[in-house]
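Summary of structural features
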Amino acid sequence: GKAAALRNEGAADSARDLLSRLPDAATDAATQMILQDLGADIAPDGAFGPASREALIAAAGRAGLTPPPGMDAAGRLVFAAQLFWNSGKFRVDLY
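Residues numbered from 1 in each chain as written. Predicted model: local features only at pLDDT ≥ 70, side-chain atom pairs only at ≥ 80, totals over all residues. Heavy atoms only, no water.

Secondary structure summary: the chain contains four helices and zero strands in total. Reading the chain from its N end, one meets helices and strands in the order α-α-α-α. Taking all contacts inside the chain whose residues are at least 6 apart in sequence as the whole, residues at least 24 apart take part in 44%. (Helix = DSSP H or I, 4+ residues; strand = E, 2+ residues; numbered from the N terminus. Contact = heavy atoms within 4.5 Å.)

The following block contains the structure:
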C-alpha cells in the first residue's frame, strides 16, 4: 500500500494495480495499520467505520490536510500512505 504513494511512477502503478485486485476489507485493514503507525488507537479489522474515518481525518489534520471526499478503499490507503511518508524522516524523494 505505501508503494502506491511513491513518486516512482513504475512502483506506484504496480502497487495500484495490485490494490485494484484486493478485497476492500484487506485494503481497509492495511489503511488501519498505517493509521496505527501514525498514532491512531484503532484495531485493524478491515471495516472502515466511524472510528477509522475519524482517525484518518485526525491524521490528515495533523498534516494540515483534509481527506478528499468520496475515496474508495484504495484511495484511502494511498492517502494514508502519503500521510505516513510525509510524517517521517525517511526521504522518499531520494529514491
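Now for the confidence of the model for the chain. Predicted confidence across the chain gives a mean pLDDT of 86, with 84% of residues reaching 70 or more. Per-element mean pLDDT across the chain ranges from 80 in helix 1 (residues 9-20) up to 97 in helix 3 (residues 50-62). (pLDDT = per-residue confidence, 0-100.)

At a minimum axis separation of 10 Å, helix 3 and helix 4 (residues 73-87) run at an interaxial angle of 35°. For helix 3 against helix 4, the interelement crossing comes out left-handed. Only Arg76, Phe79, Ala80 and Leu83 of helix 4 make contact with helix 3, whose side of the interface consists of Arg53, Leu56, Ala59 and Ala60. Tallied by class, residues from the contact of helix 3 with helix 4 come to six nonpolar, no polar and two charged. (Axes fitted to C-alpha atoms, helices over the stretch in contact; angles between N-to-C directions. Left-handed = near helix turned anticlockwise from the far one by under 90°. Nonpolar A, V, L, I, M, F, W, Y, C, P; charged D, E, K, R; others polar.)

This structure, assessed with the given rule, holds one aromatic pair. Sitting over the face of the ring of phenylalanine 48, arginine 76 holds its NZ or CZ atom 4.5 Å from the ring centroid. (Phe/Tyr/Trp six-rings, centres within 6.5 Å; stacked < 30°, edge-to-face > 60°. Lys NZ or Arg CZ within 6 Å of the ring centre and 35° of its normal.)

What follows covers the pattern of salt bridges. Tallied over the entire structure, the rule returns two salt bridges. When the shortest N-O distance is used, the salt bridge between aspartate 17 and arginine 21 registers 2.9 Å. (Salt bridge = Lys/Arg side-chain N within 4 Å of Asp/Glu carboxyl O.)

Moving on, we get to helix 2 (residues 24-37). Its 14 residues place the ends of helix 2 20 Å apart at the C-alpha level, agreeing with the 20 Å of an ideal helix rising 1.5 Å per residue. Looking at the buried positions of helix 2, the neighbouring elements they touch are helix 1, helix 3 and helix 4. Glycine 39 sits one or two positions beyond helix 2 and adopts a positive phi of about 105°. (Expected span 1.5 Å × (residues − 1).)

The description of two helices packed together rests on the angle between their axes and the distance between the axes. At their nearest, the axes of helix 2 and helix 4 sit 9 Å apart, and the two run at 20° to each other. What the angle tells us is that helix 2 and helix 4 run roughly parallel. In this structure, the crossing between helix 2 and helix 4 has a hand that is left-handed. Facing helix 2, whose interface residues are Asp24, Thr27, Asp28, Ala30, Thr31, Ile34 and Asp37, helix 4 presents Ala73, Ala74, Arg76, Leu77, Ala80, Ala81 and Phe84. In the contact of helix 2 with helix 4, the residues fall into eight nonpolar, two polar and four charged. (Parallel < 35°, antiparallel > 145°, perpendicular 65-115°, else oblique.)

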